[in-house]
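# Structural overview
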Amino acid sequence: MGIILNIMVGEVIIPVNKLLDPPQVYRVIILDIRLPELLACIVVGANLSVAGAVMQSLFRNPLAEPYVTGTASGALLGALIGLLISITSRIGSSFSIVLMPVFSFIGAMVAIALVLTFGRGGWLSLVLAGIGVSIMFSSIVMMIDTYLLTIIPTLPAIVYLLFGTVSGINWNEDLAMACVSLPTMAYIIVSAREVNLLMMSDEVAQAGGVNPGFSRAIFITLTGLLTAISVSFTGIIGFVGLVTPHLTRLLLKSSDNSRVIPLSIISGSTIMLYANVVSKVVIPGVVMPITAITSLFGVPVLLILLRGVGHG
């Protein structure tokens, strides 16, 4: 249903009886606008959900996810730096498809490194370090954003990145995301046993034949990669990575990542699909940022979790 609604709903409503054999006008809208957006929702929802599930397991912290830990802010800063380089050096938009994700990944890893360095005192320290890193990187993002808008006032990429939306995404960007995301998620699913062992303790992981330091570094890198490839094309979409793994664990009544991660892919994609539909219908004729919708539901969950962890 979410897929059908994403094809139908938008500035132009496509009747359900026109979906199977649409006229030329509708066909252009479906193929060039709605389907790329739909695919982006599926990939980004899956990426953020898997990244959140893995982060919560690795850090043994129910509040860990790309948005809360500042990873997404680092990725956004890196993407804007990549965009700035591609514009000022005039290397063309085709190369920026490569440059932005690369710098986004670097930014994500820098953010993770800072949070891990300054947030070693427990769950609260991790959250506070994530907030601090997010604020710092957001300040730099504002500076770069202001500079870019003075160069090219109508630059659409700035709007998309800052507000967190799939509007304007194209097939090439979908392909770039899929080429990175699919093998990364496949590796994580196959390695779910290692994530389970690391979730328990380093001692249990060692007893199970896993090198805790090396494996944790690999998985942290992979979560940074999933976050970066998403943020570099859709901007920051908050709280999907926080809410989805918890909902999945409640549904499964299990924390086994061999089950949680695959189902989180489906759940995260579904949440993103419906959030995208809601973003188009809240104000008729206006597409709201998806992150406004996901944050509206995600913040209460964060506060409930924060209260529960604090009392624990």
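So, here is what we can say about the structure in this document.

### Here we look at the overall build of the protein chain
Along its length, the protein chain carries 13 helices and 0 strands. Overall, the protein chain shows an N-to-C arrangement of helices and strands of α-α-α-α-α-α-α-α-α-α-α-α-α. Expected size for 312 residues packed as a compact globule is a radius of gyration near 20 Å; at 19 Å, the protein chain falls within 12% of this value. Burial statistics for the protein chain: of 312 residues in total, 52% are counted as buried. Across the protein chain, the fraction of contacts at a sequence separation of at least 24, relative to all contacts at a separation of at least 6, is 75%. Total accessible area computed for the protein chain in this model is approximately 14100 Å², and 72% of it derives from carbon and sulfur atoms. Both charge centroids of the protein chain, one from 13 positive and one from 12 negative side chains, sit 7 Å from each other.

### Examining the side chain of Ser-267
Of note, Ser-267 is situated in helix H12 (residues 257–281). Leaving out residues up to four positions away in the same chain, Ser-267 has contacts with Thr-244 and Thr-248.

### What to know about the packing of helix H7 (residues 171–190) against helix H10 (residues 212–234)
Orientation of H7 relative to H10, taken along the N-to-C sense of each, is 160°, at an axis distance of 10 Å. Considering the angle they form, H7 stands roughly antiparallel to H10. The chirality of how H7 crosses H10 is left-handed. On H10, the residues that touch Glu-173, Ala-176, Met-177, Val-180, Ser-181, Thr-184, Met-185, Tyr-187 and Ile-188 of H7 are Ile-218, Phe-219, Leu-222, Leu-225, Leu-226, Ile-229, Ser-230 and Phe-233. Looking at the contact of H7 with H10, its residues break down into 13 nonpolar, 3 polar and 1 charged.

### A few points about the pattern of salt bridges
Counting across every chain of the model gives 4 salt bridges. A salt bridge links Lys-280 to Glu-37; the shortest N-O distance between them is 3.1 Å. On the criterion of sequence distance, the pair formed by Lys-280 in helix H12 and Glu-37 in helix H2 (residues 24–58) is long-range, its members being 243 residues apart. An identical accessibility class is assigned to Lys-280 and Glu-37; each is buried. Between Asp-202 and Arg-60 there is a salt bridge, with its nearest N and O atoms 2.9 Å apart. Taken together, the residues span a long stretch of sequence, with Asp-202 in helix H9 (residues 202–207) and Arg-60 in the loop between H2 and helix H3 (71–88) at a distance of 142 residues. Given a relative accessible area of 28%, Asp-202 falls into the partly exposed group. For Arg-60, a relative accessible area of 40% gives the class partly exposed.

### Regarding the nonpolar core
Counting 47 residues, the largest nonpolar core has Val-50, Val-54, Leu-80, Leu-83, Leu-148, Ile-188 and Phe-219 as its most contacted members. Only H2, H3, helix H4 (93–118), helix H5 (123–151), H7, helix H8 (192–200), H10 and H12 provide two or more residues apiece to this core. The dominant element in this core, judged by the number of residues it contributes, is H3, at 9 residues. Setting aside residues no more than four positions away along its own chain, Ile-188 makes contact with Val-50, Val-54, Phe-219, Leu-222, Leu-226 and Ile-261.

Conventions we followed
Residues numbered from 1 in each chain as written. Predicted model: local features only at pLDDT ≥ 70, side-chain atom pairs only at ≥ 80, totals over all residues. Heavy atoms only, no water. Helix = DSSP H or I, 4+ residues; strand = E, 2+ residues; numbered from the N terminus. Rg over C-alpha atoms; globule rule 2.2 N^0.38 Å. Buried < 20%, exposed > 50% of the residue type's maximum accessible area, 1.4 Å probe, protein only. Contact = heavy atoms within 4.5 Å. Areas by Shrake-Rupley, 256 points an atom, 1.4 Å probe, with all protein chains shown as cover. Lys, Arg positive; Asp, Glu negative; His and termini not counted. Charge placed at Lys NZ, Arg CZ, Asp CG, Glu CD. Axes fitted to C-alpha atoms, helices over the stretch in contact; angles between N-to-C directions. Parallel < 35°, antiparallel > 145°, perpendicular 65-115°, else oblique. Left-handed = near helix turned anticlockwise from the far one by under 90°. Nonpolar A, V, L, I, M, F, W, Y, C, P; charged D, E, K, R; others polar. Salt bridge = Lys/Arg side-chain N within 4 Å of Asp/Glu carboxyl O. Core = buried A, V, L, I, M, F, W, Y, C linked by side-chain atoms within 4.5 Å.

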